[in-house]
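Summary of the model geometry
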Amino acid sequence: MNTTPPLHIFKPGRQTAMSGAVMDFSESDLAASARAYDPALHEAPIVIGHPRHDAPAYGWVKSLAADRDGLNAEPHQIDAAFAELVATGRFKKISASFYLPDAPNNPVPGVYYLRHVGFLGAQPPAVKGLKQAEFADAEDGVVEFGDWGMETNASLWRRVREWLLAKFGQETADQVVPDWQIESIREAARQDDDTPRAAFADPTDAPPDPTPPIPEEKLAVTPEQKAALEAENAQLKQKLAEATEREKASATAKRHSEHLAYAEQLVNEGRLAPKHRPAVVAFLDFADGETAVEFGEGDDKQPLATAFMSFLGDMPKVIDFGEAATKGKANTSSSADVADFAEKQTDPDRLNLHMRAVALATEKNIPYEQAVRQLL
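Definitions and limits used
Residue positions are counted from 1 within each chain, in the order its sequence is given. Given that the model is predicted, a residue must reach a pLDDT of at least 70 before its local features are reported, and side-chain atom pairs must reach 80 or more before they are shown or counted; all residues, however, enter totals for whole chains, interfaces and linings. Side-chain descriptors were evaluated using all non-hydrogen atoms of the structure, hydrogens and water having been removed beforehand. Numbering of helices and strands runs from the N terminus, with a helix taken as a DSSP run of H or I at least four residues long and a strand as a DSSP run of E at least two residues long. A 1.4 Å probe rolled over the protein chains alone gives each residue an accessible area, and that area as a share of the maximum for its type sets the label: buried under 20%, exposed over 50%, partly exposed in between. The contact criterion used throughout is that any non-hydrogen atoms of two residues lie within 4.5 Å. Axes, fitted as lines to C-alpha atoms, cover a helix only where it is in contact. Angles between the N-to-C directions of the axes lie from 0 to 180 degrees. Note on convention: near helix rotated counterclockwise from far helix by under a right angle means a left-handed crossing. Clockwise means right-handed. Amino acids are sorted into nonpolar (Ala, Val, Leu, Ile, Met, Phe, Trp, Tyr, Cys and Pro), charged (Asp, Glu, Lys and Arg) and polar (every other residue, Gly among them). Just to be clear on terms, a salt bridge is a Lys or Arg side-chain nitrogen sitting within 4 Å of an Asp or Glu carboxyl oxygen. As used here, the term nonpolar core means buried Ala, Val, Leu, Ile, Met, Phe, Trp, Tyr and Cys residues forming a set that is joined through side-chain atoms within 4.5 Å. Pairs were defined over the aromatic rings of Phe, Tyr and Trp, the Trp ring being its six-membered one, requiring ring centres within 6.5 Å. Orientation was assigned from the angle between planes: stacked under 30 degrees, edge-to-face over 60, tilted for the rest. Of all possible arcs, the one meant is that of the directions from the helix axis to the C-beta atoms. DSSP bridges decide pairing: two strands pair if at least two such bridges lie between them. For a helix, the expected span equals 1.5 Å multiplied by the residue count minus one.

Regarding the overall build of the protein chain
- The helix and strand inventory of the protein chain stands at 11 helices and 11 strands.
- In the protein chain, which comprises 376 residues, the share counted as buried stands at 32%.
- The contacts of the protein chain with a sequence gap of at least 6 include a subset with a gap of at least 24, amounting to 64%.

Rendered as structure tokens:
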């Protein structure tokens, strides 16, 4: 019987991938990975290092379990020679590779799915403190057939085609193993290799950046010059912001003056009571602000301030300025005017204003309209 103990392949915490990306793994993340693992969907191979196509495999992960220490993998079908190499210390460290949660080829999207378990020799793992790996004796009488991987598959068929070319010629080779089919397999292998995944080995041993760093002496701008340029840029931005605010304030003040003049015109025309003037000006300032509010639909759409001014312009007169009162006809017209106001059921405030204006015009011998304005 195979009594291989579980392999401690990963632990929770902040880990750094070979690409340099820093990721945080909680205990719940690893528990989700363990629950999601299904060999029927993707059986993670046990390999040496982090090969591009996970081939060849020296064993397989039968199941995953999670505890406070992290992820533990149950291995099976372990290659006997590989187990001996691990036992002698040739491959002492473990590094896991996962499909990222949003990877297109992730068998279970949304979780970190185990892609393979890599055994490392001289390369140090990124996840420190994993338990020592060991294998028991392999089962007797077991023959294993593993998935070679697309790249290995393409290479095999390429060698078969080359043998057919040398033995029987191109016509036979094209009939048995067409070149375009081999290239299709190879292209599929390249696409599969683009699957996003996280491999956790020491990033210091990752392939170097193909773009060489720019030597310090070849930099066109010194640190002092850079600091001066940044300070100048900040000053220009500040000046631009101040100029923009001044323009906004000037435009706002201009619109306010126009609204005041319009409200004063309505008061002079008798279409607006003076006490309503501040409210009209405040509304026009709001409706005609930086972000103008529009009123209406389709072709009738217009700024709300314009529509409101048109509405006020169509309003009937609140106060009718009559002809100037004189001492000679003030007393005779007063009673008639009062009767006229009463007959029309005029607002008492207007009647009171009228009576006071008549009295003031008579007292000071001034036009009736001037008396009304003084009272207002």
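Okay, back to it.
Digging into the packing of helix H6 (residues 223–268) against helix H7 (residues 277–287)
- With their axes 9 Å apart at the nearest point, H6 and H7 run at an angle of 145 degrees to one another. Along this stretch, H6 crosses H7, giving a crossing that reads as right-handed. Residue-level contacts link Arg255, His256, His259, Leu260, Tyr262, Ala263, Glu264 and Val267 of H6 to Arg277, Val281, Leu284 and Asp285 of H7.
- When the residues that make up the contact of H6 with H7 are grouped by side-chain class, the tally is 6 nonpolar, 2 polar and 4 charged.

What to know about the pattern of salt bridges
- This structure, assessed with the given rule, holds 5 salt bridges.
- For Arg14, the salt bridge identified is with Asp24, shortest N-O distance 2.7 Å. Here Arg14, found in strand S2 (residues 13–16), pairs with Asp24, found in strand S3 (residues 22–25); they are 10 residues apart in sequence, far enough to count as distant.
- Of the residues examined, Arg14 reaches a relative accessible area of 61% and is grouped as exposed.
- One salt bridge connects Arg373 with Glu369, and the closest N-O pair in it is separated by 2.7 Å. In this pair, Arg373 and Glu369 both sit in helix H11 (residues 368–375), 4 residues apart, roughly one turn of the helix.
- For Arg373, a relative accessible area of 45% translates into the label partly exposed.

Side note on the nonpolar core
- With 33 residues, the main nonpolar core has Ile9, Val61, Leu114 and Phe119 as its most contacted residues.
- Put simply, the parts of the chain that give this core at least two residues each are strand S1 (7–10), S3, helix H1 (27–36), strand S5 (59–67), strand S6 (70–76), helix H2 (80–87), strand S7 (93–99) and strand S8 (113–120).

Side note on the packing of aromatic side chains
- Inspection of every chain in the model, using the stated rule, returns 9 aromatic pairs.
- Measuring from centroid to centroid gives 4.9 Å for Phe10 and Phe25, while their planes differ by 75 degrees, and the two rings are edge-to-face. With Phe10 in strand S1 and Phe25 in strand S3, this residue pair connects regions lying 15 residues apart in the sequence.
- On the basis of relative accessibility, which here comes to 0%, the residue Phe10 falls in the buried class.
- With centroids separated by 5.0 Å and ring planes inclined at 25 degrees, the aromatic side chains of Tyr58 and Phe82 adopt a geometry described as stacked. Here Tyr58, found in the loop between strand S4 (45–48) and S5, pairs with Phe82, found in helix H2; they are 24 residues apart in sequence, far enough to count as distant.
- An aromatic cluster is built from Phe10, Phe25, Phe98 and Tyr112, whose rings are joined through pairwise contacts.

Notes on unusual backbone geometry
- Non-glycine residue Gln77 carries a positive phi angle of around 55 degrees.
- Residue position: Gln77 is located in the loop between S6 and H2.
- Even without being a glycine, Asn365 presents a positive backbone phi close to 55 degrees.
- Among the secondary structure elements, Asn365 is positioned in the loop between helix H10 (348–364) and H11.
- For Asn365, a relative accessible area of 53% corresponds to the exposed category.

Some details on the environment of Gly270
- Inspection of the secondary structure assignment puts Gly270 in the loop between H6 and H7.
- Along the primary structure Gly270 and Met315 are separated by 45 residues, whereas in three dimensions their C-alpha atoms are 9.9 Å apart.

Examining H7
- Taken residue by residue, H7 has Val280, Val281, Leu284 and Ala287 as its buried positions. Seen along its axis, H7 keeps its buried residues to an arc of 135 degrees; they face one direction. Relative to its buried face, H7 has exposed residues pointing more than 90 degrees away, namely Pro278, Ala279 and Phe286.

A few points about the packing of H10 against H11
- Their axes nearest at 8 Å, the elements H10 and H11 cross at an angle of 115 degrees. Considering how the two elements wind past one another, H10 and H11 form a crossing that is right-handed. Within the contact between the two elements, H10 uses Leu353, His354, Arg356, Ala357, Val358, Leu360, Ala361 and Lys364 and H11 uses Tyr368, Ala371, Val372, Gln374 and Leu375.
- Counted by class, the contact of H10 with H11 contains 9 nonpolar, 2 polar and 2 charged residues.

As for the pairing of S2
- Sheet topology places S2 next to S3; 4 bridges connect them, and they run antiparallel. Of the residues in S3, the one forming a bridge with Thr16 is Val22.
- Joining the antiparallel neighbours S2 and S3 is a turn of 5 residues, in which Gly20 adopts a positive phi near 95 degrees.

Comments concerning H10
- For H10, which comprises 17 residues, the first-to-last C-alpha distance of 24 Å matches the rise-based estimate of 24 Å (1.5 Å per residue) to within 8%.
- All buried positions along H10 are accounted for by Leu353, His354, Ala357, Val358, Leu360 and Ala361.
- Of the residues flanking the end of H10, it is Asn365, one or two places downstream, whose phi is positive at about 55 degrees.

Quick notes on the environment of Leu30
- Here Leu30 lies in helix H1.
- The class for Leu30 is buried, based on a relative accessible area of 2%.
- Residues Leu30 and Leu71 lie 41 residues apart in sequence; the distance between their C-alpha atoms is 6.4 Å.
- Discounting chain neighbours no more than four positions away, the residues touching Leu30 are Phe10, Lys11, Pro12, Phe25, Ala66, Gly70 and Leu71.

Scope: geometric values only; no functional claims are made or implied.
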